[in-house]
Amino acid sequence: MKKYDVTGIGNALVDIEFKVSDQFFWDNKVEKGLMTLVDEDRQNHLMKVINHEEAKKQAGGSAANSVVAVSQFGGNSYYCFRVANDELGHFYLKDLNDSGVSIGLAPEKLEDGVTGKCLVMVTEDSERTMNTFLGITQNFSVNDLNESAIKDSKYLFIEGYLITSENGKTAMKHAKKIAEENGVKVALTFSDPAMVKYFREPFDEVIGASVDLLFANEEEALLFTGKESLAEAREEMKKVAKHFVITMGKNGAMIFDGDTFIDIEPYKTTAIDSNGAGDMFAGAFLYGITNGHSYASSGKLASMASSKIVSQFGPRLKWHEAKEILARLNP
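I will try to describe carefully the structure that is included in this document. (Residues numbered from 1 in each chain as written. Predicted model: local features only at pLDDT ≥ 70, side-chain atom pairs only at ≥ 80, totals over all residues. Heavy atoms only, no water.)

**Focus on the pairing of strand β12 (residues 241-247)**
Now for step 1: Where burial is concerned, most of β12 is hidden: six out of the seven residues are buried.
Now for step 2: Two elements, strand β11 (residues 211-217) and β12, share six bridges in a ladder whose sense is parallel. The residue of β12 that forms the bridge with Ala 216 is Ile 246.
Now for step 3: Where β12 meets strand β13 (residues 253-256), four bridges bridge the pair, whose relative direction is antiparallel. What sits directly across from Ile 246, in β13, is Met 254.
Now for step 4: Between the end of β12 and the start of β13, which pair antiparallel, lie five residues, with Gly 249 showing a positive phi angle near 60°. (Buried < 20%, exposed > 50% of the residue type's maximum accessible area, 1.4 Å probe, protein only. Helix = DSSP H or I, 4+ residues; strand = E, 2+ residues; numbered from the N terminus. Pairing = 2+ DSSP bridges.)

**Here we look at the packing of helix α9 (residues 218-225) against helix α10 (residues 230-237)**
Axis angle and axis distance: for two packed helices, these are the angle between their axes and the distance between the axes, and together they describe the pair.
Now for step 1: Running from amino to carboxyl end, α9 crosses α10 at an angle of 65°, the nearest separation of the two axes being 9 Å. When the axes of α9 and α10 are compared, the pair comes out roughly perpendicular. Along this stretch, α9 crosses α10, giving a crossing that reads as left-handed. Mapping the contact onto sequence places Glu 218, Ala 221, Leu 222 and Thr 225 in α9 and Leu 230, Ala 233, Glu 236 and Met 237 in α10.
Now for step 2: Across the contact of α9 with α10, the residue classes break down as five nonpolar, one polar and two charged. (Axes fitted to C-alpha atoms, helices over the stretch in contact; angles between N-to-C directions. Parallel < 35°, antiparallel > 145°, perpendicular 65-115°, else oblique. Left-handed = near helix turned anticlockwise from the far one by under 90°. Contact = heavy atoms within 4.5 Å. Nonpolar A, V, L, I, M, F, W, Y, C, P; charged D, E, K, R; others polar.)

**Remarks on the packing of aromatic side chains**
Now for step 1: Applying the stated criterion to the full structure yields 13 aromatic pairs.
Now for step 2: Here Phe 157 and Phe 215 contribute two aromatic rings whose centre-to-centre distance is 6.0 Å and whose plane-to-plane angle is 90°, an arrangement assigned as edge-to-face. Residue Phe 157 is located in strand β9 (residues 153-159), and its partner Phe 215 is located in strand β11; the two are separated by 58 residues in the primary sequence. Across this residue pair, the class does not change: Phe 157 and Phe 215 are buried.
Now for step 3: Linked through ring pairs, Phe 157, Phe 215, Phe 285 and Tyr 295 together constitute an aromatic cluster.
Now for step 4: The ring of Phe 91 is capped by Lys 57, whose NZ or CZ atom sits 4.7 Å from the centre of that ring.
Now for step 5: One cation-aromatic arrangement involves Arg 234 over Phe 261; the distance from NZ or CZ to the ring centre is 3.7 Å. (Phe/Tyr/Trp six-rings, centres within 6.5 Å; stacked < 30°, edge-to-face > 60°. Lys NZ or Arg CZ within 6 Å of the ring centre and 35° of its normal.)

**Topic: the environment of Met 130**
Now for step 1: Structurally, Met 130 is set in strand β8 (residues 128-133).
Now for step 2: In this structure the C-alpha to C-alpha distance between Met 130 and Ala 55, which are 75 residues apart in sequence, comes to 14 Å.
Now for step 3: Not counting residues up to four positions away in its chain, the partners in contact with Met 130 are Leu 34, Met 35, Thr 36, Cys 118, Leu 119, Val 120, Met 121, Tyr 161, Asp 192 and Asn 275.

**Describing the pattern of salt bridges**
Now for step 1: This model, assessed by the stated rule, comprises 20 salt bridges.
Now for step 2: Of the charged contacts, one joins Lys 169 and Glu 166 as a salt bridge, the two residues approaching to 3.2 Å between their closest N and O atoms. Pair noted here: Lys 169 and Glu 166 are both in helix α6 (residues 166-181), with a separation of three residues, about one helical turn.
Now for step 3: The exposure class of Lys 169 is buried, given its relative accessible area of 8%.
Now for step 4: Salt bridges here are not isolated pairs; linked through shared partners, they connect Asp 22, Lys 32, Asp 125 and Glu 127. (Salt bridge = Lys/Arg side-chain N within 4 Å of Asp/Glu carboxyl O.)

**Concerning the environment of Glu 166**
Now for step 1: With relative accessibility at 55%, the residue Glu 166 sits in the exposed group.
Now for step 2: Considered as a pair, Glu 166 and Gln 138 are 28 residues apart in the sequence and their alpha carbons are 9.7 Å apart.

**Looking at the sheet that holds strand β6 (residues 102-103)**
Now for step 1: Taken in spatial order, the nine strands of this open sheet run β6-β5-β1-β9-β10-β11-β12-β13-β14, and their pairing is mixed. The open sheet has two free edges, formed respectively by β6 and β14 (261-264), since each of these has just one partner strand.
Now for step 2: The strands that α6 touches are β1 (4-9), β9, β10 (185-189) and β11; relative to β9, the one it contacts most, it runs at about 165°.

**A look at unusual backbone geometry**
Residues other than glycine predominantly adopt negative phi, and peptide bonds predominantly adopt the trans conformation.
Now for step 1: Phi at Lys 29 takes a positive value of approximately 55°, unusual for a residue other than glycine.
Now for step 2: Note on placement: Lys 29 falls in the loop between α1 (22-28) and β3 (35-37).
Now for step 3: Classification of Lys 29 by relative accessible area gives exposed; the value is 75%.
Now for step 4: Unlike most non-glycine residues, Ser 126 shows phi in positive territory, near 75°.
Now for step 5: By secondary structure assignment, the location of Ser 126 is in the loop between β7 (116-122) and β8.
Now for step 6: For Ser 126, a relative accessible area of 9% corresponds to the buried category.

This is the structure:
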């Protein structure tokens, strides 16, 4: 028996979420719909011209959101990350602890520096745009991995955003090696189309011969494979992933279970904020496959959970909402 269902590795960012207009992007030269790395001065400038009163603050990062979801559905998760000895760093530790995620960092062990922040801007069409100042998380390295937690997990879950730094890429490869040498399955998420577009070759390095499970949205799948249709892209993805999930927004998702393709229907919802939808899908799906559910059942759970996420402001479920979704899955 493994202690953890999932150990995640990824950036630790305090998400600060605001509602903005399309005109705001035009006025402030922000590229809509993507994650863009910025320096702290740029991020602070944008925050000053937004109405702070509507901000929602939460411990985030792509993989962090996913391991929180695993925990909320009743699984056991662990997270490897780096935050600084500042107000936001201490906030981050408390938020993950309160979310039931196991961590190896204690407040007294934090280093001096600045904790990373992600400015999440949501428009009326529910699309999320992120400007991220990585802070101390850009130094995430092999030293931040907990090898014993990885070895004692059913799955290692690797966040694609780590690919932007050499030390992050090295940590991804090292964690994957530890997992593979100890019979732990490896899941990878691309995290954002920009990561695939600008870091294709580093991803090839990390993936190597293959991964056990790959998460991509429709745009990422097409970019990664260089194909013009999903039918072609999914065949190409079989070469690098034993199993994979392609999320398609309002059109649901497509799962390859190693033998056949499974279509996952979307759940009717009114979308107001897409931030965290992909992270929730991955977390719910990982919870399902590590807790006795089939790929089809796990996909259904993930679709239900992500449809709930896009219908509200913020990337996380409330605890009672996770229990209600599980009850709907197993009436």
